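Read off the chains here:
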Amino acid sequence: MGRMSRRAFALAALSVPVTAQGAAARSQGVARSAEGLGGCSVPRAATAGRPRRGTAGMRGVWLATVANRDWPSRPGLTAAAQHRELIGHLDRAVRDRLNTVIFQVRPTADALWPSPYEPWSEYLTGTQGRDPGWDPLGTAVQEAHARGLELHAWFNPYRIANHTDVTLLAASHPARTHPDWVVPYGGRLYYNPGLPEVRAFVRQAMLDAVARYPVDAVHFDDYFYPYPVAGQTFDDTAAYDRYGGAFTSRSAWRRDNTDRLVKEMAVGIKRIRPGTRFGISPFGVWRNASTDSRGSDTHARVQTYDDLHADTRKWVRHHWIDYVVPQLYWNIGFAAADYAKLVAWWAGVAEGTKTDLYIGEALYKTGAAGQSTAWQDPAELSRHLALAAHYPQVRGHVFFAAGDVAADPIGAMARVVADHYG
């Protein structure tokens, strides 16, 4: 799928089982301080001060680094070239009157800052563990704030690698020193969420960035337990036998593991940096109404509660998270998952809670080959924002992703800006 998206999988999730090959292609799409780099000039018009989200609502963009999806454009660029490209994305966000950049800083159990726990990301230099010669996260926070932008640090908790060869990881990688933490599944390596020591480690690794930098929020995407792959089993039997005795099923135990990560991360963020928010962008269908009367009027093959073992509705209703950005990557009127019906459902979930609701928008689909007629219309996304404006619970939108904001092949983003961000 190349540069399409980590979310290109969403359509398949509504209709057919995921094959190992299809999931691998999806993962490739995602999900993407040297001397003198700190002195980049900031446009005068962009220095109005941070934050702007409070009055304008969320106007966000995901900046993906896994597989060099959005940034850097390829591994091995010089530090100066990487810096220029990063500044280009921030300046483009300002130009399009956005106010938040969600920057992927831990794509595969690695780091885009000098972490004492995990190696430097291979997406910087081409070699995992090699120092890129600068601090991308620290620079991104500083430069975003100088432009009146919020910078949300985006972490993937459990993904280790988009392959199954542990010897390709840096020699110091925790997955090599703790092979008992690792589960191969669907052509990838994952940390086992059922092990308390794994949850403690990934939490520690992520909170290191919160302690070092004044990030405005911590952000998780939709990957907790991996998406189901037809014919394969995520082998956590030993952990379940050891820790799952109090639960009625393995699924209930897995959901509790995910709940624990979310709750413990929320507590850690508030303890280390009070005022920093915690947000999650789940797959857009919690459960179908045919499965659970509280679910949405959808017919999705994947349901986060059952398949990713993530009770996203609970997190919103109990205010375990400060904001939620469901990935509603379908057009208005799409039969299996109608954008209009899902916005209404999520607005109902958020109503009366303290959790802010923003909507994840599939900018990457606009004008893309193979997408339906609706996505060839430059006005489709603008209609999304107009529809969502009828729900006071919806407090903004986030667009996937920065590379598509830059390319904007049919002018869909320009139309959104003209119609809604004037």
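None of these values were measured; they are calculated from a predicted model.

Would you take a moment to explain the overall build of the chain for this structure?
Scanning the chain from terminus to terminus reveals 16 helices and eleven strands. Burial analysis of the chain (422 residues in total) assigns 61% to the buried set. Carbon together with sulfur atoms contributes 50% to the accessible area of the chain, which is approximately 15,300 Å² in total.

Sorry if this is basic, but what is going on with the pattern of salt bridges here?
For side chains bearing opposite charge, pairing can occur when the charged atoms are close. Tallied over the entire structure, the rule returns 22 salt bridges. The salt bridge involving Asp-208 is made with Arg-212; its shortest N-O contact spans 2.8 Å. In this pair, Asp-208 and Arg-212 both sit in helix H8 (residues 196-212), four residues apart, roughly one turn of the helix. In this structure Asp-208 comes out as buried when scored by relative accessible area, which is 12%. The partly exposed category is assigned to Arg-212, whose relative accessible area is 39%. The residue Asp-419 makes a salt bridge to Arg-415 at a minimum N-O spacing of 2.9 Å. Separated by four residues within a single helix, Asp-419 and Arg-415 lie in helix H16 (residues 412-420), roughly one turn from each other. Through salt bridges with shared partners, a single ionic network connects Arg-287, Asp-292, Arg-294 and Asp-306.

I'm lost on the environment of Gly-275 in this one. Help?
Secondary-structure assignment places Gly-275 in the loop between helix H10 (250-272) and strand S8 (277-280). When its relative accessible area of 67% is taken as the criterion, Gly-275 is described as exposed. Here the alpha-carbon distance between Gly-275 and Asp-216, two residues 59 residues apart in the chain, equals 7.9 Å.

Can you help me understand H8 in this one?
Quick reminder: α-helices carry 3.6 residues per turn. Residues three or four places apart thus point the same way. End to end, H8 covers 25 Å across 17 residues, agreeing with the expected 24 Å (1.5 Å per residue, within 8%). When H8 is considered as a whole, its buried residues turn out to be Val-198, Arg-199, Phe-201, Val-202, Ala-205, Met-206, Leu-207, Asp-208, Ala-209 and Val-210.

Sorry if this is basic, but what is going on with the sheet that holds strand S4 (residues 159-161) here?
To summarise the sheet geometry, strands pair through backbone hydrogen bonds and adopt either a parallel or an antiparallel arrangement. Strand order in the open sheet made by the three strands is S4-S6-S5, with antiparallel pairing throughout. Two strands in the sheet have a free side with no partner beyond their single neighbour: S4 and strand S5 (182-185). The mean inter-strand angle of the sheet, taken between neighbouring strand axes irrespective of direction, is 35°. Direction of pairing for S5 relative to strand S6 (residues 188-191): antiparallel, over a ladder of four bridges. Bridging from a neighbouring strand, Val-182 pairs with Tyr-191 of S6.

The rules behind each value
- Residues numbered from 1 in each chain as written.
- Predicted model: local features only at pLDDT ≥ 70, side-chain atom pairs only at ≥ 80, totals over all residues.
- Heavy atoms only, no water.
- Helix = DSSP H or I, 4+ residues; strand = E, 2+ residues; numbered from the N terminus.
- Buried < 20%, exposed > 50% of the residue type's maximum accessible area, 1.4 Å probe, protein only.
- Areas by Shrake-Rupley, 256 points an atom, 1.4 Å probe, with all protein chains shown as cover.
- Salt bridge = Lys/Arg side-chain N within 4 Å of Asp/Glu carboxyl O.
- Expected span 1.5 Å × (residues − 1).
- Pairing = 2+ DSSP bridges.
- Axes fitted to C-alpha atoms, helices over the stretch in contact; angles between N-to-C directions.

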